[in-house]
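As a plain string of letters, each chain reads:
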Amino acid sequence: MSSSLADLAHQVLDLVRTAAPTAEAAVSADRTEQWLTRFATSFIHQNVADETTSVTLTVHVDGRTTVASTTLTDDAGLRALVERTVGATRLAPLDAAWPGLVPPASLAGTGTVDQSVLAATPDDRAGVVQAFVRAAGGLETAGYCRTKHWTGAYANSAGHFVEGEATSADFDGIARNDGADSAARISSTRMSDLDGAALGDRVGRNARTLASAIELPAGEYEVVLMPEAVADILTNFAFYGFNGKQHNEGRSFARLGEAQFDPAITLTDDPVTPGNIGQPYDAEGTPRGVLSLVDAGVTAAVAHDRRTAAKAEAASTGHFSEGGWGPMTENLVLSPGSTPLPDLIRGVRRGLLVTDFWYTRVLDPRQMTLTGLTRNGVWLIEDGEIGTPVQNFRFTQAYPQALAPGRVLGVGDTAVAQPSRWGLGSWTGPALRLASWNFTGTASG
Amino acid sequence: MSHFDVATVAVQAALDAGARYADARVMHRRTESMNARNGEIEDLTQQEDAGIGVRALVGSGWGFYAVPDLSTAGARLAGQTAARIAAASTQVPGPPLDLVRSPATTASWASACEVDPLGVPLGEKGELLTTATRLMVEHGADLAEGLYQAWDTRKWFVSSEGHRIDQHIRECGGGISATVVGEHETQRRSYPSYRGQYGTRGWELVRELDLTAHAARIAEEARALLTAPVCPAGETTLILGGEQMCLQIHESVGHAIELDRILGWEAAFAGTSWLDLSKLGSLRYGSELMNITIDPTIPGALGSFGFDDEGTPAQARDAVRDGRWVGVLAGRDSAAVAGLDYGGSVRSDGWARLPMVRMTNVGLEPGPHTLEEIIAATDDGILMDFNRSWSIDDRRLNFQFGCEIGYEVKNGKLGRMLRNPTYTGIGPRFWQSMDMLSNETVAWGTPNCGKGQPGQIGHTGHPAAPARFQNVRVGVKA
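All values derive from a computational prediction rather than experimental measurement.

Colleague: Help me out: how do you make sense of unusual backbone geometry in this one?
Modeller: The omega torsion across B:Tyr191 and B:Pro192 is -10 degrees, close enough to zero to call that bond cis. Of note, the bond from B:Gln453 into B:Pro454 is cis; its omega dihedral lies within 30 degrees of zero at -5 degrees. The backbone phi angle of A:Ser42 is positive, close to 65 degrees, even though this residue is not glycine. Note that A:Ser42 resides in the loop between strand 1 (24-40) and strand 2 (43-61). The phi torsion at B:Asn411 lies on the positive side, around 50 degrees, for a residue other than glycine. For B:Asn411, the location among the structural elements is in the loop between strand 17 (398-410) and strand 18 (413-418).

Colleague: Looking at this structure, how should I read the packing of helix 3 (residues 122-138) of chain B against helix 5 (residues 211-227) of chain B?
Modeller: Describing two packed helices takes the angle between their axes plus the distance from one axis to the other. Residues and elements named next belong to chain B. Orientation of helix 3 relative to helix 5, taken along the N-to-C sense of each, is 20 degrees, at an axis distance of 8 Å. What the angle tells us is that helix 3 and helix 5 run roughly parallel. For helix 3 against helix 5, the interelement crossing comes out right-handed. On helix 5, the residues that touch Leu128, Leu129, Thr131, Ala132, Leu135 and Met136 of helix 3 are Leu211, Thr212, Ala215, Ile218 and Ala219. Grouping the constituent residues of the contact of helix 3 with helix 5 by class yields nine nonpolar, two polar and no charged.

Colleague: Please clarify how the environment of B:Ser89 should be interpreted in this entry.
Modeller: The topology assignment puts B:Ser89 in helix 2 (residues 72-89). Separated by 251 residues in the primary sequence, B:Ser89 and B:Leu340 have C-alpha atoms spaced 25 Å apart. Contacts of B:Ser89, omitting those with residues within four sequence positions, involve A:Ile44, A:Asn47, B:Gly61 and B:Trp62.

Colleague: Is there a simple way to think about the UniProt feature "domain: Metalloprotease TldD/E N-terminal" (unreviewed entry) in chain B in this case?
Modeller: Sequence positions flagged by UniProt for "domain: Metalloprotease TldD/E N-terminal" (unreviewed entry) are, in local numbering, residues 22-86 of chain B. Structurally, residues 22-86 of chain B is divided into 23% helix and 65% strand, and its ends, taken at the C-alpha atoms, are 11 Å apart.

Colleague: Sorry, what's going on with the sheet that holds strand 10 (residues 292-294) of chain B here?
Modeller: Hydrogen bonding along the main chain pairs the strands of a sheet, whether they run parallel or antiparallel. Residue and element names in this part refer to chain B. Taken together, four strands build an open sheet; the order of strands is 12-11-10-15 and the sheet is antiparallel. Every other strand in the sheet has two partners, leaving strand 12 (324-325) and strand 15 (362-364) as the edge strands with one partner each. Inspection of the sheet shows strand 11 (residues 317-321) paired to strand 12 by two bridges, in the antiparallel sense. Of the residues in strand 12, the one forming a bridge with Val320 is Trp325. Where helix 6 (residues 242-254) meets the sheet, it contacts strand 10 and strand 15, and its direction lies at approximately 120 degrees from that of strand 15.

Colleague: Just checking my understanding: could you explain the interface of chain B and chain A for this structure?
Modeller: Frequently, the measure chosen for interface size is the accessible area that the parts lose on association. Listed per partner, the contact involves 78 residues of chain B and 76 residues of chain A. At the boundary of chain B with chain A, total buried surface from both sides reaches about 6400 Å², with 50% on carbon and sulfur atoms. Contact with chain A buries surface across chain B, with B:Glu48, B:Val92 and B:Gln453 losing the most and accounting together for 10% of the total. Linking chain B with chain A are seven salt bridges, by the criterion used here. Between B:Glu42 and A:Lys245 there is a salt bridge whose closest N-O contact spans 3.1 Å. At the boundary of chain B with chain A, the tally comes to 43 residue pairs in polar contact (both at pLDDT 80 or more). With 10 residues, strand 2 (residues 40-58) of chain B is the single largest residue contributor to the side of chain B that touches chain A. Direction of pairing for strand 3 (residues 64-70) of chain A relative to strand 2 of chain B: parallel, over a ladder of four bridges. Bridging across to strand 2 of chain B, A:Ser69 finds its partner in B:Gln47.

About the thresholds
Residues numbered from 1 in each chain as written. Chains lettered and ligands numbered in written order. Predicted model: local features only at pLDDT ≥ 70, side-chain atom pairs only at ≥ 80, totals over all residues. Heavy atoms only, no water. Helix = DSSP H or I, 4+ residues; strand = E, 2+ residues; numbered from the N terminus. Axes fitted to C-alpha atoms, helices over the stretch in contact; angles between N-to-C directions. Parallel < 35°, antiparallel > 145°, perpendicular 65-115°, else oblique. Left-handed = near helix turned anticlockwise from the far one by under 90°. Contact = heavy atoms within 4.5 Å. Nonpolar A, V, L, I, M, F, W, Y, C, P; charged D, E, K, R; others polar. UniProt positions renumbered as here; feature names shortened; annotations may be inferred. Pairing = 2+ DSSP bridges. Buried area = accessible area lost by both parts, 1.4 Å probe. Salt bridge = Lys/Arg side-chain N within 4 Å of Asp/Glu carboxyl O. Polar contact = N/O pair within 3.5 Å; in protein donor to acceptor, adjacent residues only side chain to side chain.

Structural data, given as structure tokens:
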């Protein structure tokens, strides 16, 4: 699988053993290949790729810790990394919360790999884009087609070794009709799931219905949210809701064991089930599994890395993330229900069909109150029928409150994986019919 | 082989593979960051990366390819692959593409740096952060955080037009914040700003911030906010402090004047702009007090450099003059498409990313008043400062910002502290309502500007001063 990376990890570990025999050390060797074809105003305007191998070394000596990484992976580069890291660790401030290394443990899965992603060429991605642009029927289009391939190996001085490999293929496209946009996104482990023609046809047809949008007054509206908008809800729950660090510090809404959500809501983080995108272990080497976060409306767990787990007297769930954010769930799956989308819409007497949310930012993490805007298509629903297109709104809404008991009026029967803006993950959810969403202003002010 | 030689091999390989233009950047970057929490060090991270990124133009299609392999063979393969990717772009071709002129230059440039941030002992840095965070806990913070970040970047740029430029840019900065957790909400105060202050300077910048001197004050302010009255809802006179003005400029002017957005090149992801190129030179963006400059030559500001990542020398230009829109942030290709004659605002966040239009230092020229004079001239209003949340629509018109702290202004004096202050508006209407502007300018550094796919983190600078705006909607409620 990734034997060269395994060799790299063990080579660095050996160097640390020589330089600092008493040190606890962990090495992660990762290789990412990312190929991305962007198009705008219906032509390919950016077509990029990078293939990067990096080594990240954690050294803990005498109560002090340093994490260092490099992309210089020849012998000299690795020796310099070890020398620099061991030296810095001896000078580093004390690390009282060092949680120790992960002990040997087995993986629940090694990651899903698809050969079509590995084999995809720039011409293949351009072909998907070309099909999308043509199917949009002359409307101005924009978006991207992306393939990723990750391989990794992790080894530590406690004798733990794991490796994995995964692929993802993403497409994001809009069609524009006189400034009104329609969007469709999909994420998969397989290149073959990116049907540019079908997606282009869909957004083209939707965009044509967006002409002459009316402005409605701000206020509470019943809504049907499409999977693109649901993905934003999942993203923010990952950042602020189920983050073990924020939970430890009293900054999360989550109260374990309480029925904080409607019984129709079941949410997991799942990077390991075959067919799902994701890495089978985190940067601390902790194996990942299927983590149940909300079970039929009851808040069941939050994500932990080794430090937050130690503080919470829990076990790490394998969700370490860099940058001080705390543990992040990057592969959230909101379980689908049984209601086809047309039936979700048919149940609405007067409400809004919302395609997408945009630029959502948290006002207060404790309540998970966010402000943001609608985007890429809003329509008025009257007596169960999609009607007039509506101009965008600004909203200010507490997300958990919108999904609270009694507030979820229907869950769509098809969950669609949406691309992540970072990392190797996706946000998978169905359309949702919610009793209300608090629109606080129109986009025109 | 020198890094220039490696870049030259890559450029030649791209030309040999059919490119009509190519450039290559070899970059070597070292970074260091440290976080402290409640008196203890939480994270010390050092990173080093090096590699080459090659850009090739075939027909009207761009290709970009990057690898960490700096061998001759690696550079040759990178150039060839960039050209191959560019050729694939021609499957969905755009209009004919030219590049505006950038004189072939051989040059070196380095930012000023008195104290190498990577050379300061780790113990000294740790002591600073642990002391400051401990002080905040002692003065009421439930969660006291401190951090610094330092970047040391060297780059070598070669183009098929004859550019050969190397640069050494050192950046650093830091800050502290105090969070208190109430029964139903959290409150936070930070110093000197949301993520700290940053610049193209050495460790002297962090020393000047004197973080420990402000620790007790912000912790006490955060705790006081928990019981302060909520910002009232309605329309009022709004005075913004300089730190919040930095973000106001960044979001509602800086991004709006990016030419790639105006041309629709960022439509699906980052969005477009409300600005229409046909109105460049005539459109009223704001009141006559509004003068916005694009100036990467400001010493020490975070958006400063000698040459951008297309080899165009740094130079200052107007974006808004006396309230009228007169300039954009542009690259060589976007400027050519728009019929403009300048680039100079293209950067990437590393060797593995495609250079794209990014803000440099986009700042508001100062006015004639002091903040004290502005407050004294206000009968009834609210002062807000220190950003807490930010959101703006995909055309950069409709914004809503939250600030950490607000104060009533009554009869020319500051009154009660207000919690959860927010304000909302539409860019040009808001800027046209600006009627007083302070002379107390600070060049704020924003080290976290996201844009592009794959995502890139940009470093931007924003000279900003307090200002007053009329009839602004405040106090938006959930």
